[in-house]
Amino acid sequence: MKRKVDARWVLHLLLGVGGLIMIVPFVWMILTSLKSRADIAAYPPNLLPDEWVWSNYQAALDYAPFGTYFRNSLLIAIGHTVINLMLATMAGYALARVPFRGRTVVFMAVLAMMMIPTYTKIVPQYLIAKGMPFFGGNDYLGRGGYGWLDSWWVLIVPGALTPFAIFLFRQFYLSLPRELEEAARIDGMGEFGIFARVMTPLVKPAIATVALVTFENSWNNFLWPLLVTTRDDLRVIQVGLAAFQLAERTEWSYLMAGSTLATVPMIVLFLFAQRYFVQGFATAGIK
Amino acid sequence: MTSTLESVSVASASRAPRPPRRRRKLGAERRRAAYLMLAPSVIHLIWWIGIPVVATFGLAFTNYDVIAGTVEWAGLDNFREIFADDIWNLSIWHTVVFTFFTVPVAMVIAVIIAVLLNQRIKALAWYRAAFFMPHITATVAIALVWMWMFEPNLGLFNLLLDWVGVNGPAWLSDPDWAMPAVILVSIWKGIGLKMLIYLAALQNIPHDLYEAADIDGASGVRKFFAITLPMLRPATFFVFIVSMIDAFQVFDQVYVLTPDGGPANSTTVMTYEIYRTAFGEFDISAACAQSVVLFAFLLVLTVIGRRLTGKDGDEA
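Predicted model only: the values in this text are computed from it and were never measured.

The rules behind each value
Residues numbered from 1 in each chain as written. Chains lettered and ligands numbered in written order. Predicted model: local features only at pLDDT ≥ 70, side-chain atom pairs only at ≥ 80, totals over all residues. Helix = DSSP H or I, 4+ residues; strand = E, 2+ residues; numbered from the N terminus. Buried ≥ 20, exposed ≤ 12 C-beta atoms within 10 Å, placed from the backbone. Contact = placed C-beta atoms within 7 Å. Rg over C-alpha atoms; globule rule 2.2 N^0.38 Å. Domains from an automatic or database assignment. Nonpolar A, V, L, I, M, F, W, Y, C, P; charged D, E, K, R; others polar. Expected span 1.5 Å × (residues − 1). Bend = angle between axes of the 7 residues up to and from the residue. Core = buried A, V, L, I, M, F, W, Y, C linked by C-beta atoms within 7 Å. Pairing = 2+ DSSP bridges. Axes fitted to C-alpha atoms, helices over the stretch in contact; angles between N-to-C directions. Parallel < 35°, antiparallel > 145°, perpendicular 65-115°, else oblique. Left-handed = near helix turned anticlockwise from the far one by under 90°. pLDDT = per-residue confidence, 0-100.

Asker: What exactly am I supposed to notice about the overall build of chain B here?
Answerer: Counting its regular elements, chain B contains 14 helices and two strands. When burial is assessed residue by residue, chain B has 41% of its 316 residues classed as buried. Restricting the contact set of chain B to residue pairs at least 6 apart, pairs at least 24 apart contribute 71%.

Asker: Where do I start with the overall build of chain A in this structure?
Answerer: Within chain A, the secondary structure is distributed over 15 helices and zero strands. By the compact-globule yardstick of 19 Å for 287 residues, chain A is too spread out, its C-alpha radius of gyration being 24 Å. Its C-alpha atoms give chain A principal-axis dimensions of roughly 75 × 75 × 35 Å. Here chain A, with 287 residues, has 43% of them falling under the buried criterion. When contacts within chain A are restricted to residue pairs at least 6 apart in sequence, long-range pairs at least 24 apart make up 67% of them.

Asker: Is there a simple way to think about the domain arrangement of chain B in this case?
Answerer: All names here are of chain B. Each assigned domain of chain B is listed here: domain 1 (18-78) and domain 2 (81-315). Relative to domain 2, the C-alpha centre of domain 1 lies at a distance of 34 Å. On the domain 2 side, the residues contacting the eleven residues of domain 1 number ten residues. Looking at the side of domain 1 that touches domain 2, the elements that each hand over two or more residues are α2 (21-60), β1 (62-65) and α3 (77-83). Residues of the side of domain 1 that touches domain 2, tallied by class, amount to six nonpolar, four polar and one charged.

Asker: Help me understand the interface of chain B and chain A in this model?
Answerer: Often the size quoted for an interface is simply the accessible area lost on bringing the parts together. With 71 residues of chain B at the interface, the matching set in chain A holds 77 residues. The element best represented in the side of chain B that touches chain A is α2(B), accounting for 18 residues. Here the residues of the side of chain B that touches chain A sort into 54 nonpolar, 13 polar and four charged.

Asker: Mind showing me how you'd approach the environment of B:I183 here?
Answerer: All names here are of chain B. Checked against the element boundaries, I183 lands in helix α8 (residues 178-202). With 70 residues separating them in the primary sequence, I183 and Q253 have C-alpha atoms 9.5 Å apart. Excluding residues within four positions of it along the chain, I183 makes contact with F98, F101 and T102.

Asker: What should I look at first to understand α8(B) in this one?
Answerer: Side chains that are three or four residues apart share a direction in an α-helix, a result of its 3.6 residues per turn. Its 25 residues place the ends of α8(B) 36 Å apart at the C-alpha level, agreeing with the 36 Å of an ideal helix rising 1.5 Å per residue. In α8(B), a bend of some 30° at B:G190 exceeds every other bend along the element.

Asker: Help me understand the nonpolar core, please; the structure alone is not making it clear to me.
Answerer: In terms of nonpolar packing, the biggest core is built from 164 residues, with A:F169, B:L144, B:Y198 and B:L257 touching the most fellow members. Among the elements that line this core, the one with the most residues is α8(B), at 16 residues. Per-domain counts for this core show at least three residues from each of domain 1 (18-78) and domain 2 (81-315) of chain B.

Asker: Honestly, unusual backbone geometry in this entry has me stumped. Any pointers?
Answerer: Excluding glycine, residues mostly carry a negative phi; peptide bonds, for their part, are mostly trans. Unlike most non-glycine residues, A:F134 shows phi in positive territory, near 70°. Among the secondary structure elements, A:F134 is positioned in the loop between α6 (122-130) and α7 (152-156). Exposure remark for A:F134: the 11 C-beta atoms within 10 Å place this residue in the exposed category. Not every positive phi belongs to a glycine, and B:A264 is a case in point at roughly 50°. With respect to the helices and strands, B:A264 occurs in the loop between α12 (252-257) and α13 (270-279).

Asker: Would you mind showing me how to read the pairing of strand β2 (residues 70-73) of chain B here?
Answerer: Look at any regular strand and the pattern is simple: side chains alternate between the two faces of the sheet. Residue and element names in this part refer to chain B. By the bridge criterion, four bridges tie β1 to β2 in an arrangement that is antiparallel. Within β2, the position partnered with T62 by the bridge is W73. Hairpin geometry of β1 and β2 is characterised by an intervening segment of four residues between the two adjacent antiparallel strands and by a positive phi of about 75° at G69.

Asker: Quick question: what am I supposed to make of the packing of helix α9 (residues 178-186) of chain A against helix α10 (residues 191-199) of chain A here?
Answerer: All names here are of chain A. Put simply, α9 and α10 touch, their axes get as near as 10 Å, and they point 125° apart. As the angle between them shows, α9 and α10 are arranged oblique. As α9 runs across α10, the sense of the crossing is right-handed. Contacts between α9 and α10 involve L180, E181, A184 and R185 on the former and, on the latter, I194, V198 and M199. Split by residue class, the contact of α9 with α10 holds five nonpolar, no polar and two charged.

Asker: Got a minute to help me understand the environment of A:N46 in this structure?
Answerer: Residue and element names in this part refer to chain A. Among the secondary structure elements, N46 is positioned in the loop between α2 (37-41) and α3 (55-63). In this structure N46 comes out as partly exposed when scored by C-beta crowding, with 13 C-beta atoms within 10 Å. As for N46 and I21, which are separated by 25 residues in sequence, their C-alpha atoms are 19 Å apart.

Asker: Explain helix α13 (residues 237-247) of chain A to me, please; I cannot follow it from the model alone.
Answerer: In terms of burial, α13(A) is largely enclosed, as eight of its eleven residues are buried. Tucked inside the fold, the buried residues of α13(A) contact α4 (66-97), α11 (204-220), α12 (223-228) and α14 (252-272) of chain A together with α6 (139-149) and α12 of chain B.

Asker: For this particular structure, what's the right way to read the environment of A:T214?
Answerer: Residues and elements named next belong to chain A. Mapped onto the elements, T214 comes out in helix α11. A tally of 26 C-beta atoms within 10 Å means that T214 is categorised as buried. T214 has contacts with H80, T81, N84, T162 and A165, leaving out every residue within four places of it along the chain.

Asker: Just checking my understanding: could you explain the confidence of the model for chain B for this structure?
Answerer: Interpreting fine coordinate detail is not advised for predicted regions of low pLDDT. Residue and element names in this part refer to chain B. Chain-level pLDDT for chain B is 86 on average; 90% of the residues reach the 70-or-more range. Between residues 1-16, whose pLDDT stays under 50, and residues either more than four places distant or in other chains, the model counts eleven contacts. Low pLDDT (under 50) marks residues 311-316, which in the prediction has three contacts with non-local residues, meaning those over four places away or in another chain. In the predicted complex, the global pTM is 0.87; the interface-specific ipTM is 0.89.

Asker: Even after reading the chapter, I still don't get the packing of helix α5 (residues 103-114) of chain A against helix α8 (residues 163-174) of chain A, so can you show me in this structure?
Answerer: Helix packing geometry: the angle between the two helix axes and the distance between the axes. Residue and element names in this part refer to chain A. Relative to each other, α5 and α8 sit at 130°, their axes nearing to 8 Å. Looking at the two axes, α5 sits oblique to α8. Every pair of crossing elements has a handedness; the one defined by α5 and α8 is left-handed. Side by side, α5 and α8 meet where F107, V110, L111, M113 and M114 of the first sit next to P163, F164, I166, F167 and R170 of the second. Among the residues making up the contact of α5 with α8, the classes are represented as nine nonpolar, no polar and one charged.

Asker: How do you make sense of the confidence of the model for chain A when you look at a structure like this?
Answerer: Across chain A, the average pLDDT comes to 89, with 96% of residues at or above 70. Element-level mean pLDDT values for chain A span from 73 in helix α15 (residues 274-284) of chain A up to 96 in α4(A).

Okay, structure coming up:
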């Protein structure tokens, strides 16, 4: 019995030390964001702030438009999540529950698209966005202007649907019993009604998982917004942070305040909905 | 309940040679609804994934002039051009080095953490959250924090090294230390997801295996090597392949920590070169050729992974 208790302590010690090492960057980020300029330049550095400068956050927001960046990221992440849920549930349902010719081909295509790496499509995606006809000064062939570049369209539309979401919903709809839809059909319900009112309420765990993973990926996305936006008022927070760092290399407390704003929403969301995150990432195994 | 039974019998009747008219009409209606529900997704996927993928391969074998808008066949010229570029070849080497050090180290740490977490202990969710947090937070934001920690004079690393009497390097601006620094950040960030997949796999190992080992008086370490690791083999292959594919596409932390390919191009990777070729030099065709090379690497890795996993399944 005593040996077992000791082993438990060793376990907690190992995990505690390991976990602490993992969160050191987060702690250091928050501590730095609360230090005064003199405090940051002090040598040797202090671990804790001399005085806790909470006004750094307000100062950072005044110094760079982090508020705008934050709002942009939030709007885009919500947009992606809503659109992905709407389109992918419908597609997943159709692929799972309705037999039609070519269904297997469509499903295999979705699977193949899941495995396409970002860099096998990103350059033409950029060209397509730039050549969008009738937008941004383009003619009907998509020439002459900037198309969708530097617009809300390009930030929201291309990344709004993921093959992974379709795949996950298809698997969930597939597992529902056939009797449910048959009963609803006898009651005179149409196919869309069965989808929306009978089946979709039963795949709530999948909805939660897809919503969280989509939101997270959208919030953290960097490369696409970096490529397609140059206007400051359209920057998302990740791109805004990188730009701020290049411009103001030494404003570490503002930079850390900005980083805190960019990471804390995801951390809070994760801590509240850990179960769904874990489920989603463990079953998918992919980002 | 009666209606359910009836519907089942109707459904089986529909498989008879001459289906009743009502069923056939219903089938057509359902198909129409399905097409409507699928249409937006299919259009979106073709538009933003299907066409771009085909275009990448097409452009890699042509000369595309962005400004004039002309396209002409170029055969393998683009590939000759990119492999004549020393920096591109260097970037392939850096990608391999990055992957070689990042993936195995993160995997070893992840499997150990997963085994430790797979016990019935208090505060499990908190420990798991601590290890998983780096994965869900934005790479850019957290890379900036690491950049601050790597700061040569005021950063946390050199402060700690100073305490133990070591003169720390300039890290990100030192050509010898920039890549190790990027690798360290990537290992830290990569542990979480691997741990989670291992944790899910561990829960599928039957308990009686361990009970049998307990009866034989096996030690914890012995059980780990004799039961846990062999049972985790499919998961290990899966994690390995997914991580390799991820590591080959590393971009965000490299871009933020070591801008412009790092000191003396010491951290430039394939994705960064694609980015530079396409959006710095606007040489679209060469960038697509580079993308095809990256794709070929990923394809080979995936095929090897499939083979290994498949074989493993046959043996079992």
